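This is what each chain is made of:
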Amino acid sequence: MSAASPAVTPNQLIRKEIQALHAYHVPPSADMIKLDAMENPHLLPQALRDEIARQVANAAINRYPDAGAHQLKQDIRKVTQLPEGMDVLLGNGSDEIIQLLAMAVAKPGAVLLSVEPSFVMYKMIATFVGMRYVGVPLAEDFSLDLDATLAAIERERPAIVFLAYPNNPTGNLFDAEAVRRIIEAAPGLVVVDEAYYAFASDSFIPQLGKYDNLLVMRTYSKLGMAGLRLGFIAGDKTWLEQLDKLRLPYNVGVLPQLVASTLLAHHDVLLAQAESIRSERTKMMAALNAMAGVQAYPSEANFILFRVAKATQVFEGLKQRGVLIKNLNGGHPALTDCLRVTVGTQDEDARFITALQDSINQLA
Ligand code: PMP
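Residues numbered from 1 in each chain as written. Predicted model: local features only at pLDDT ≥ 70, side-chain atom pairs only at ≥ 80, totals over all residues. Heavy atoms only, no water.

Some points on the sheet that holds strand β10 (residues 303-308)
And then number 1: One open sheet accounts for four strands, arranged β9-β10-β13-β12; its pairing is antiparallel. A single partner strand is all that each edge strand has here, and the edge strands are β9 (294-296) and β12 (326-327).
And then number 2: In terms of strand pairing, β9 meets β10 through three bridges, oriented antiparallel. Counterpart to A296 in the pairing with β10 is F306.
And then number 3: Helix α13 (residues 311-320) contacts β10, β12 and β13 (338-342) of the sheet and is inclined by roughly 30° relative to β13. (Pairing = 2+ DSSP bridges. Helix = DSSP H or I, 4+ residues; strand = E, 2+ residues; numbered from the N terminus. Contact = heavy atoms within 4.5 Å. Axes fitted to C-alpha atoms, helices over the stretch in contact; angles between N-to-C directions.)

Below is the structure:
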């Protein structure tokens, strides 16, 4: 350090609101049954893995990727029934798209509104970009409190509203009519975040084009591509061409583009895996409902939220038995004593249920 430049500390330089944040926590999971992050637990068929291996071996990784990802976008369109005239923009995971959206609308004093409890990155990203965050509490059963949400929209005039459909971490699908009322009342953009669309019974994709302020975001993370980091947002190109200016030029790499295109050409394989996760979800729900002292919430996603006495101790008991799920106790007040488990393979789920019963019994 030279005498000419006095030492500067993070405390002096970094924005106070960033210093106050905690980084998104990813716990170690080596050798655990990993049911904490809504991943698809199934491997790909061997023939498809071999095909990917051949393509990766031949990929031009010395070159930058196609900045416009034309082939991949076309493949996405092929498997997504987008209404006429709608475009897509790709992100390095949908997290990146949330950030692009927030950066684009972050005028001084602008508000990002969502509901609570919901996906924590909405609030975190609002902080990253200096937006004011407003979280409207959900009703006790985690449905939308429409009156409170409409009142907050009227009062706060949010530049952007995020609604996860189905919601994370609660797993439920909000009432579609209530979502429509929110879209109609919102003075700014409404982003329906369909991260869990593959496991849900409804979608707002068919509504695109009916509302000028509606965008629908999806990720392929939960469908079996979490490691690739790929999400997209669909909507009118007058919105997407503005967002595209903020997108870093090569945000989706050569290998993710290539592998995702191949996987989408075998979309039926992924959909069959999603279908098997859905039927595993039904079994897991039945097992949780049959367990004394456990209250499980209905889910249209690939995870189930449940409430149990002494949740943190139950979570630790599961960990000691080699099963990692998500502890939501101590976060949002509406999630006191709540845990969230991702639906895994039949074997993983059976081991989770046994470990959960043992952990509860040990505490009794
Ligand atoms: N939206 C919701 C509702 C989520 O739960 C998640 C992941 N947990 C994401 C977006 C982000 O997913 P990714 O960045 O993997 O696309």
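Regarding the domain arrangement of the protein chain
And then number 1: Assigned domains within the protein chain: domain 1 (10-44 + 269-363) and domain 2 (62-266).
And then number 2: Just the C-alpha atoms count here: the centres of domain 1 and domain 2 sit 23 Å apart.
And then number 3: With 31 residues of domain 1 at the contact, the number on the domain 2 side is 30 residues.
And then number 4: Summing both partners gives a buried area of about 2500 Å² for domain 1 against domain 2, and 66% of it is carried by carbon and sulfur.
And then number 5: It is Y24, L270 and E300 that lose the most area in domain 1 upon contact with domain 2, and together they represent 25% of the buried surface on that side.
And then number 6: Viewed at the interface, domain 2 and domain 1 are joined by zero salt bridges.
And then number 7: Contributions of two or more residues to the side of domain 1 that touches domain 2 are made by α2 (16-19), α12 (267-289) and β10.
And then number 8: No other element matches α12, which puts six residues into the side of domain 1 that touches domain 2.
And then number 9: Of the residues contributing to the side of domain 1 that touches domain 2, the split by class is 18 nonpolar, five polar and eight charged. (Domains from an automatic or database assignment. Buried area = accessible area lost by both parts, 1.4 Å probe. Salt bridge = Lys/Arg side-chain N within 4 Å of Asp/Glu carboxyl O. Nonpolar A, V, L, I, M, F, W, Y, C, P; charged D, E, K, R; others polar.)

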